[in-house]
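Okay, here's what each chain looks like letter by letter:
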Amino acid sequence: MKEKRGGTMEKVIQTINRKNGKQRLSVLRMELDYELLTLFDALQTNDQEQVKKCKQKLERLRREWIEYLK
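Below is a short write-up of the structure. Everything numeric in this text was worked out from a predicted model, so none of it was measured.

Rules used throughout
- Residues numbered from 1 in each chain as written.
- Predicted model: local features only at pLDDT ≥ 70, side-chain atom pairs only at ≥ 80, totals over all residues.
- Heavy atoms only, no water.
- Helix = DSSP H or I, 4+ residues; strand = E, 2+ residues; numbered from the N terminus.
- Buried < 20%, exposed > 50% of the residue type's maximum accessible area, 1.4 Å probe, protein only.
- Contact = heavy atoms within 4.5 Å.
- Core = buried A, V, L, I, M, F, W, Y, C linked by side-chain atoms within 4.5 Å.
- Salt bridge = Lys/Arg side-chain N within 4 Å of Asp/Glu carboxyl O.

What follows concerns the environment of L58. With respect to the helices, strands and loops of the structure, L58 is situated in helix α2 (residues 48-69). For L58, a relative accessible area of 14% translates into the label buried. Considering only alpha carbons, one finds L58 and D33, 25 residues apart in sequence, at a separation of 9.7 Å. Not counting chain neighbours up to four residues away, the residues in contact with L58 comprise L32, E35, L36 and L39.

Let's shift gears to the nonpolar core. L25, L28, L32, L39, A42, V51, C54, L58 and L61 form the largest nonpolar core, which has nine residues in total. Those elements that place two or more of their residues in this core are α1 (2-44) and α2. The leading source of residues in this core is α1, at five residues.

Let's shift gears to the pattern of salt bridges. By the definition in use, this model includes six salt bridges. Across the pair R62 and E59 runs a salt bridge, and its minimum N-O distance is 2.6 Å. On the criterion of helical spacing, the pair formed by R62 and E59 is a turn pair, its members being three residues apart in helix α2. A relative accessible area of 41% places R62 in the partly exposed class. Here E59 falls in the partly exposed class, since its relative accessible area comes to 30%. A single network of salt bridges, built from pairs that share partners, joins R24, E31, R60 and E64.

And the structure:
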């Protein structure tokens, strides 16, 4: 009986994570777009500090994107 419950709960958690994952991917896409615009502006104004910050944030977002796609 315990295995059946555990398996059912695991399926529920997987379903919730999938739904949350789809929502998070949408938000990630918007965050990536915004950060790319910010990077573009920083490059245009030669703001090296902002360029560095944007690249760091883009790298973090990229890693998160990859994790959700696994």
